[in-house]
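# Reading the structure
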Amino acid sequence: MALQCGIVGLPNVGKSTLFNCLSNAKAQAANFPFCTIEPNVGVITVPDERLTKLAELVKPNRIVPTTVEIVDIAGLVKGASKGEGLGNKFLANIRETDAIIHVLRCFEDGNITHVDGSIDPVSDKEIIDTELQIKDLETVEARIAKIQKQVQTGGDKMAKRLYDILLQYKVVLEQGKSARTVKIDNKEDRKIANELFLLTDKPVLYVCNVDEASAVIGNIHVENLRKAVSDENAEMLVVAAKIESEIAELDNYEERQMFLQELGLEESGVSRLIKAAYKLLNLETYFTAGVQEVRAWTYIKGTKAPQAAGIIHTDFEKGFIRAEVIKYENYIQYGSEAACRDVGKISIEGKEYVVRDGDIMHFRFNV
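Residues numbered from 1 in each chain as written. Predicted model: local features only at pLDDT ≥ 70, side-chain atom pairs only at ≥ 80, totals over all residues. Heavy atoms only, no water.

## Here's the deal with unusual backbone geometry
Positive phi, close to 65°, is recorded for asparagine 12, a residue that is not glycine. Tracing the sequence through the fold places asparagine 12 in the loop between β1 (4–8) and α1 (15–22). A positive phi angle, close to 55°, is found at lysine 59, a residue other than glycine. Turning to its location among the elements, lysine 59 is positioned in the loop between α2 (49–58) and β3 (62–64). (Helix = DSSP H or I, 4+ residues; strand = E, 2+ residues; numbered from the N terminus.)

## Observations regarding empty space enclosed by the protein
Across all of its chains, the model carries 2 cavities of 30 Å³ or more by this definition. Taken as a whole, the largest cavity spans an internal volume of roughly 60 Å³. Contributing to the lining of the largest cavity are Val8, Ile100, His102, Ile128, Asp129, Leu132, Arg180, Val204 and Tyr206. Of all the secondary structure elements, the ones that give two or more residues to the lining of the largest cavity are β5 (99–105), α4 (121–153) and β6 (204–209). (1 Å grid on protein atoms, 1.4 Å probe; cavity = no way out; pocket = protein on both sides within 12 Å on 5 of 7 lines; lining within 4 Å. Points joined across faces, edges and corners; volume = space filled by probe spheres on them.)

## Structural notes on the layout of surface pockets
In this structure, the largest pocket spans a volume of roughly 1,600 Å³. Around the largest pocket, the lining comprises 39 residues; the ones closest to its centre are Arg190, Asn194, Asp201, Pro203 and Asn282. Of all the secondary-structure elements, those providing two or more residues to the lining of the largest pocket are α6 (187–194), β6, β7 (235–239) and α10 (269–280). Among the elements that take part in the lining of the largest pocket, α6 stands out by supplying 5 residues, more than any other. Class assignment for the residues of the lining of the largest pocket results in 17 nonpolar, 5 polar and 17 charged. Contributing to the lining of the second largest pocket are 28 residues, with Pro47, Arg256, Ser268, Val270 and Ser271 lying nearest its centre. Put simply, the parts of the chain that give the lining of the second largest pocket at least two residues each are α1, β2 (40–45), α2, α8 (241–248), α9 (253–263) and α10. With 4 residues, α9 is the largest single contributor of residues to the lining of the second largest pocket. For the lining of the second largest pocket, the residue count by class is 15 nonpolar, 7 polar and 6 charged. (Nonpolar A, V, L, I, M, F, W, Y, C, P; charged D, E, K, R; others polar.)

## Brief notes about the nonpolar core
Ile70 and Ile101 are the most contacted members of the largest nonpolar core, which totals 56 residues. With 6 residues, α10 is the single largest residue contributor to this core. Aside from chain neighbours lying at most four places away, what touches isoleucine 70 is Cys5, Ile7, Phe19, Leu22, Asn40, Val41, Gly42, Ile44, Ile101 and Ala277. Membership of the second largest hydrophobic core comes to 20 residues, among which are Ala159, Ile165, Val172 and Ala179. (Core = buried A, V, L, I, M, F, W, Y, C linked by side-chain atoms within 4.5 Å. Buried < 20%, exposed > 50% of the residue type's maximum accessible area, 1.4 Å probe, protein only. Contact = heavy atoms within 4.5 Å.)

## Side note on the environment of alanine 92
Relative to the helices and strands, alanine 92 is located in helix α3 (residues 87–95). Residue alanine 92 is classed as partly exposed on the basis of its relative accessible area of 35%. Sequence-wise, alanine 92 and leucine 199 are 107 residues apart; in three dimensions their C-alpha atoms are separated by 9.4 Å.

## Examining the side chain of threonine 66
Note that threonine 66 resides in the loop between β3 and β4 (67–72). On the basis of relative accessible area, threonine 66 is assigned to the buried category, the value being 8%. In contact with threonine 66, other than residues within four places in its own chain, are Ile44, Thr45, Val46, Tyr278, Thr285, Ala296, Trp297 and Thr298.

## What to know about the pattern of salt bridges
Under the definition given, this model contains 20 salt bridges. Here aspartate 129 ties to lysine 125 by a salt bridge, and the two come within 2.5 Å at their closest N and O atoms. Of the two residues, aspartate 129 and lysine 125 both sit in helix α4, 4 residues apart, roughly one turn of that helix. Assessed through its relative accessible area of 9%, aspartate 129 is described here as buried. One salt bridge connects arginine 190 with aspartate 201, and the closest N-O pair in it is separated by 2.4 Å. On the criterion of sequence distance, the pair formed by arginine 190 in helix α6 and aspartate 201 in the loop between α6 and β6 is long-range, its members being 11 residues apart. Classification of arginine 190 as partly exposed rests on a relative accessible area of 22%. We classify aspartate 201 as buried; its relative accessible area is 14%. Salt bridges here are not isolated pairs; linked through shared partners, they connect Arg322, Glu324, Glu337, Arg341 and Arg364. (Salt bridge = Lys/Arg side-chain N within 4 Å of Asp/Glu carboxyl O.)

## A look at the side chain of threonine 298
If you trace the backbone, threonine 298 turns up in strand β9 (residues 293–300). On the basis of relative accessible area, threonine 298 is assigned to the buried category, the value being 7%. Looking at threonine 298, its side chain comes within polar contact range of the side chain of tyrosine 278, at 3.0 Å. (Polar contact = N/O pair within 3.5 Å; in protein donor to acceptor, adjacent residues only side chain to side chain.)

## Remarks on the packing of aromatic side chains
For the structure on display, the rule yields 5 aromatic pairs. Plain terms: the ring middles of tyrosine 286 and phenylalanine 363 are 5.9 Å apart, the flat faces sit at 85° to each other, and that makes the pair edge-to-face. With tyrosine 286 in strand β8 (residues 283–289) and phenylalanine 363 in strand β12 (residues 360–365), the pair connects residues that are 77 residues apart, well separated along the chain. Residue phenylalanine 363 is classed as buried on the basis of its relative accessible area of 7%. Each residue in the set Tyr286, Trp297, Tyr299, Phe320 and Phe363 is aromatic and connected to the rest through ring pairs, giving one cluster. Just above the ring of phenylalanine 107 sits the side chain of arginine 105; from NZ or CZ to the centre is 4.5 Å. Stacked on the ring of tryptophan 297, the Lys or Arg arginine 295 has its end atom at 4.2 Å from the ring centre. (Phe/Tyr/Trp six-rings, centres within 6.5 Å; stacked < 30°, edge-to-face > 60°. Lys NZ or Arg CZ within 6 Å of the ring centre and 35° of its normal.)

Note that every value here comes from positions in space, so none of it alone points to a role or purpose.
If you want it as structure tokens, here you go:
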């Protein structure tokens, strides 16, 4: 699937170091602003223990995990909305992504300069929020001006609907709040809102980049940021990017696990970040399991069976007849598809079935 998370932040907060941990693509990680001018795109394997366990039971010829795309976007600076620091280009790159991973520096290091001269992740967050909000306000005001006459004549109901949504956004943006704070529950209104592609309406994950000593419990900078975002609909994650880069260089799995245990971590920050990014994009996974291949398939939460089948091949959706579904827990308990069939743990589902995360599926179709 083509959904992407964009990594953003001020210069020198550790974005490219983190991206390098995530991907085999090596973005230049240098101690000066704008070392990443073109966005780097990494296709990242999503770690999923369920895929491993299924493969152990099935013993397939190959295992195919699912992936998520991460884009490393150059550092934003104050004034980006007015074109400062190549800002227009960077903002365009953000607009093309589906969710934002906002990296914030939460560590002290005299050898790495900070664009504002002091470590204050709350202030750093506000700088980027402000630049994105200004750009969104420009977008909203331009659309209001464009449809105002249509609304005044009263003949276009869709224009009136869009106008009301735009006014809601205008109010919060003028208050210095992000568009995502506007609650739009109606599905049709939400679709209209999504088509505005507002920067601050995208789901966001705040990543606190800390030093080794703070990798497990965080620090005062993390706590200050946690308080600052407590009223936002956003997730937070603590990662020590420098240590993660050292872990990523280890080829041996056992060595990586020992390194993590010494730090007091059960799972690497990179693994947690990839899973969080996947969730941020509203993605889930279903599986197909056979001797030839055990494979994870990505779908958007809420997808129905025919559309899920279409992810494998368009013919599967066009000629969809039914889906045979085994719950992951049942497959693991009974050990095989045949055993699940013997005990009646395979359900037959039709076109209205909403796929559940972890479903093991076999599609019947006719074209």
